[in-house]
Amino acid sequence: MALRPYQWEVIMPALEGRNIIIWLPTGAGKTRAAAYVAKRHLETVDGAKVVVLVNRVHLVTQHAKEFSLMLGGCWAMTTLSGDMGARAGFGHTARSHDLLICTAELLQMALSSSEEEEHVELTAFSLIVVDECHHTHKDTVYNVILSKYLEHKLRGRQRLPQVLGLTASPGTGGNSKLQGAIEHILQLCANLDTWRIMSPKTNRPELLEHRPQPCKQYDLCQRRSQDPFGNSIKKLMAQVQDHPEMPDLTQDFGTQMYEQQVVELCKTAAEAGLQQRRVLALHLRRYNDALLIHDTVRAVDALASLQDFYDRERTTKTQILRAERWLLGLFDGNKDELTRLATHGPENPKLDMLEEILRTQFRGPANPRGIVFTRTRQSAQSLLLWLQQQPSLRPVDIRAQMLIGAGNSSQRAHMTQRDQQDVIQKFRVGTLNLLVATSVAEEGLDIAQCNVVVRYGLLTNEISMVQARGRARASQSVYSFVATEGSRELRRELTNEAREALMEQAVGAVQRMDPAEYQAKLKAMVKRAAQASQRDRERQQFPAEYVRLLCINCMVAVGHGSDLRKVEGTHHVNVNPNFSIYYTVSREPVVIDRVFKDWKPGGAISCRNCGESWGLQMIYKSVTLPVLKVRSLLLETPQSRVQAKKWSRVPFPVDDFDFLQHCAQNLADLSLA
């Protein structure tokens, strides 16, 4: 497989064994360039072993095709992803193959696994390829893996693997000034131990000729002239905010900013033990979600989301707080009026605009293929329903399906990874010609025939804009941004365009930097990151037995941090046999349409006292264990109560689960009984 001159230009330092980031536009052949680097590495390095990391399951298969064509069957190559079911251990697979393509989560779990068949050391590989490497920041899985690499380097470890990053959009880190954007690019380079970020200079004209940009159009509409349904929802939200238990809040209803405000209030109320306030904030978020759905699709979709929430509240909660009883009554008292307004209110002008775009692009014999990007799983589901029910679109040959993130049966809108793969394949071969997608389809999806991309009322950053635009691969493609005139979404898109230009300036500035100055800055950044990581480990770390676990809803104490163990480095389970008295289990198991290597899902678990959802049972090698969601718990330390967003942020250590020790302990307990 021949490379283009601009691809040769960017890979030359990598062929010499240097760590680089390849910065090329979407569709310009980053994967092919990386595959050639891997091929030459395998040919020239003694004992070479390559791992290619991706951040989406569907990219494992897609990259495997490109690498397989390049390698030509001369090396042992395999793939691993979370949906493969029973398989050999990661470590065993890595040792018996020359090149491995896998999701980053699997490598992270293997690095921390204590099982010989599963465990692998980072130094077992001689080349690490990091796809969509702009995600290597903060506490993402990419950065967790690369932090281990940097720890090895700081300790003077020899024979570290070469690192090759791939990205079309390094981003600006949210900065609007050039210096801040430069610092962001430098930090990305530091996280990947990058010698240089490479983009074509000599062969840039050929790149631009090969990868023309789609034609961008702003399709703007007016706001609803009248909005009785939305106004009624806002009046209900104002009543909730006027409740005596509530603090003063802004009334910027129906925005992502308001959502952030009530999410934070929910967290602080839980930590302060203010149960009534937490519940009020939780319901405000649901009303705000309904307004966001109403703004995106139809009022009937917004009302359906509220009805679904209140139906679940009634069926799952076994203990009703005073505020919850009032909130249920408030919704019931207004439901009939909301139903009337939802079914007889004005149409959404954005839907009219989307209909016009689809009618224009999908009529005629040109066999178009397109993607409509929307913010949430719920809005994707609602948009698909609208497409299927819209009479004016029936004469147009639109064969649509949604593509959203993987989930399980406890989530109203979800797809399994098998579903995702099936939809992508049908879109690739033309059985489907329109996807209604969330951000899961933004990165890496390579469909050469895709010629229509619509970003529908999205409030995102410049990376998402660049990635979504890059899905339009066919010549003379159309990239449409649909929004309301004067809206936040429109202002953000214009800001994104400015930040994309700023990103290019920042990368150029880093590329022109004096090599000694560049290396000094990166060394300082790596040292600061290591020091900050050490401080995080030391700050507010309590003995696990000193931390009590409380139900986030009713705040009943149900255990201690010392009851918890980590399975496969990810799943947090409670191993105390007495814990079972605090929860109930659903009759039906949670449906996850995947077969895992060592476990399968059991029933959903909920607080026995109040009905709050806590997680699910995991049947791990014949042992049934309750897996807990960190957001379902309040952590009571000797100093305060905290609600952690992630298990990695809890203020106490959690040991790994030892299967043999657990079985031996259970046998000992039975013999004593």
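Everything below is about the structure shown above.
Residues numbered from 1 in each chain as written. Predicted model: local features only at pLDDT ≥ 70, side-chain atom pairs only at ≥ 80, totals over all residues. Heavy atoms only, no water.

A short note on the packing of helix α5 (residues 104–112) against helix α6 (residues 141–154)
Closest axis-to-axis distance for the α5/α6 pair is 9 Å, and the angle between their directions is 40°. In terms of orientation, α5 and α6 fall into the oblique class. Remark: the crossing between α5 and α6 carries left-handed chirality. Residues A104, E105, L107, Q108 and L111 of α5 touch α6, and the partners they reach there are V141, Y142, V144, I145 and K148. Looking at side-chain class alone, the contact of α5 with α6 contains seven nonpolar, one polar and two charged residues. (Axes fitted to C-alpha atoms, helices over the stretch in contact; angles between N-to-C directions. Helix = DSSP H or I, 4+ residues; strand = E, 2+ residues; numbered from the N terminus. Parallel < 35°, antiparallel > 145°, perpendicular 65-115°, else oblique. Left-handed = near helix turned anticlockwise from the far one by under 90°. Contact = heavy atoms within 4.5 Å. Nonpolar A, V, L, I, M, F, W, Y, C, P; charged D, E, K, R; others polar.)

A few points about helix α7 (residues 178–191)
Between its first and last C-alpha atoms α7 spans 20 Å; for 14 residues at 1.5 Å apiece the expected length is 20 Å, and the two agree. Buried residues of α7: G180, A181, I182, I185, L186, L188, C189, A190 and N191, and no others. Phi for D193, located one or two positions after α7, is positive at around 50°. (Expected span 1.5 Å × (residues − 1). Buried < 20%, exposed > 50% of the residue type's maximum accessible area, 1.4 Å probe, protein only.)

Overview of the nonpolar core
Formed by 85 residues in total, the largest nonpolar core has its most connected members in F229, L383 and L403. The greatest single-element share of this core, amounting to nine residues, is contributed by helix α11 (residues 275–296). If we ignore the near neighbours within four places in the chain, the residues touching F229 are H294, A299, A302, L303, L338, L341 and A342. With 48 residues, the next largest nonpolar core counts I21, V130, A190 and L522 among its residues. (Core = buried A, V, L, I, M, F, W, Y, C linked by side-chain atoms within 4.5 Å.)

Thoughts on the pairing of strand β14 (residues 548–551)
Pairing of β14 with strand β15 (residues 557–560) involves three bridges; the strand directions are antiparallel. Counterpart to L550 in the pairing with β15 is A557. Following β14, the chain reverses through five residues before pairing antiparallel with β15; M555 in that reversal takes a positive phi of roughly 65°. (Pairing = 2+ DSSP bridges.)

Some words on the packing of aromatic side chains
Aromatic ring pairs are defined here through the distance separating the ring centres and the angle between the ring planes. Applying the stated criterion across every chain yields a total of eleven aromatic pairs. With centroids separated by 5.0 Å and ring planes inclined at 70°, the aromatic side chains of F309 and Y310 adopt a geometry described as edge-to-face. Assessed through its relative accessible area of 3%, F309 is described here as buried. A relative accessible area of 0% means that Y310 is categorised as buried. Taking the centre distance of 6.3 Å and the plane angle of 45° together, the rings of F579 and Y582 count as tilted. Owing to a relative accessible area of 2%, F579 belongs among the buried residues under this scheme. Put simply, the rings of Y287, F309, Y310 and F331 touch in pairs and so form one group of aromatic residues. For the cation-ring pair, R18 lies above W195, with the distance from its terminal atom to the ring centre recorded as 4.3 Å. (Phe/Tyr/Trp six-rings, centres within 6.5 Å; stacked < 30°, edge-to-face > 60°. Lys NZ or Arg CZ within 6 Å of the ring centre and 35° of its normal.)

A word on the sheet that holds strand β10 (residues 400–403)
Pairing is parallel in the open sheet, where six strands are placed in the order β8-β13-β12-β9-β11-β10. Of all the strands in the sheet, the pair left with one neighbour each is β8 (215–221) and β10. The sheet shows a mean angle of 20° between the axes of neighbouring strands, taken without regard to direction. With four bridges joining them, β10 and strand β11 (residues 434–437) adopt parallel strand pairing. If you follow L403 over to β11, its bridge partner there is A437.

What about the packing of helix α9 (residues 228–241) against helix α13 (residues 322–344)?
Where α9 contacts α13, the two axes come as close as 10 Å, and the packing angle between them is 170°. Judged on the interaxial angle alone, α13 and α9 are roughly antiparallel. Contact with α9, carried on its side by P228, F229, S232, I233, L236, Q239 and V240, involves W326, L327, L330, N334, L338, L341 and A342 of α13 and no other residues of that element. Grouping the constituent residues of the contact of α9 with α13 by class yields eleven nonpolar, three polar and no charged.

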